[in-house]
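Next come the chains, spelled out residue by residue.
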Amino acid sequence: MEMLGVTVATLDGDWPPDEWAMVLQDGAKPIVLKAGECVSYRQALPGYKQEGADKPLKVGETYGFAIRRTNSLAHWAEGLHLGVFCIEQQPGGPRRYLAYVQHEDGSGSYPPCGRYIGWKPAADGIVPPGYPATVGQPGG
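Here we summarise the structure given alongside this text. Only a predicted model underlies this, so the values are computations on that prediction, with no experimental measurement involved. (Residues numbered from 1 in each chain as written. Predicted model: local features only at pLDDT ≥ 70, side-chain atom pairs only at ≥ 80, totals over all residues. Heavy atoms only, no water.)

### Digging into the packing of aromatic side chains
- In total, this model carries 7 aromatic pairs according to the counting rule given.
- Between Tyr110 and Trp119, the aromatic rings sit 6.4 Å apart at their centres with planes inclined by 55°, giving tilted as the arrangement.
- Taking the relative accessible area as the measure of exposure, Tyr110 reaches 5% and is therefore buried.
- Site record: aromatic cluster; members linked through ring pairs are Tyr63, Phe85 and Tyr97. (Phe/Tyr/Trp six-rings, centres within 6.5 Å; stacked < 30°, edge-to-face > 60°. Buried < 20%, exposed > 50% of the residue type's maximum accessible area, 1.4 Å probe, protein only.)

### Points about the nonpolar core
- Ranked by internal contacts, the top residues of the largest apolar core, which has 15 residues, are Met3, Val6, Val39 and Leu45.
- Elements with a contribution of two residues or more to this core: β1 (3–10), β2 (20–24), β4 (62–69) and β5 (80–89).
- Beyond its immediate sequence surroundings of up to four residues, Val6 is in contact with Trp20, Ala21, Met22, Val39, Leu45, Phe65, Ala66 and Ile67.
- Ranked by size, the runner-up nonpolar core spans 7 residues in total, among them Val84, Leu98, Cys113 and Trp119. (Core = buried A, V, L, I, M, F, W, Y, C linked by side-chain atoms within 4.5 Å. Helix = DSSP H or I, 4+ residues; strand = E, 2+ residues; numbered from the N terminus. Contact = heavy atoms within 4.5 Å.)

### A few points about the environment of Arg42
- Within the secondary structure, Arg42 sits in the loop between β2 and β3 (48–51).
- The partly exposed category is assigned to Arg42, whose relative accessible area is 41%.
- Separated by 13 residues in sequence, Arg42 and Lys55 place their C-alpha atoms 9.1 Å apart.
- Once residues within four sequence positions are removed from consideration, Arg42 is found in contact with Trp20, Asp54 and Pro56.

### Some words on unusual backbone geometry
- In the segment running from Trp15 into Pro16, the intervening peptide bond is cis, with an omega of -5°.
- The topology assignment puts Pro16 in the loop between β1 and β2.
- The phi angle at Arg42 is positive, at roughly 70°, despite the residue not being glycine.
- For Asp54, which is not a glycine, the phi torsion comes out positive at approximately 60°.
- Tracing the sequence through the fold places Asp54 in the loop between β3 and β4.

### Side note on the pairing of β4
- Summarising the sheet, β1 and β4 pair through 7 bridges and their orientation is antiparallel. Within the sheet, the bridge partner assigned to Met3 lies in β4 and is Arg69.
- Two strands pair when backbone bridges link them, and β4 and β5 are joined in this way by 7 bridges, in the antiparallel orientation. If you follow Arg68 over to β5, its bridge partner there is Leu80. (Pairing = 2+ DSSP bridges.)

The values are spatial; any link to function lies outside them.
Right, dumping it as C-alpha cells:
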C-alpha cells in the first residue's frame, strides 16, 4: 500500500492534530507498506512533512489511528485504514495500547481504558463510561 499520510489524534480533535501526523510532500515518492510493516508514532519519514503539535499521548485517552492510501480511486473512506485504541497504565507497570474491536453486527468490544465511541458494546464485553442508559444494556 502506498501511503499518502498517517495520523494519530483524539477522536474529537481538529486538523492538524495536537498529537501527530505525517503527510506526503508534493513530488516525493510515497513509502510502500507491505503486510505486517508498521509506522511508529512520532517517526520521521523521508518525503513526508509533519503536521500538528507533536504532543505525547496521554494515559486514559482514546485515540484514532489512520493511514491514507495514495492509489485509491474510489470513495475517500475506502482509501483509509482505521483503528481506535486507548492507553492504560497500571501503577509501576508499562503502558499498554489496547484496541477497540468492531464486530460484524455493529457492536464493539471496548478495552478497559476505553470510552463510549458510538458502538453498542458487545454482549460479552465491557460497558464503557458514557454509554447512554437510554440505549439499553448489551445482550438485552
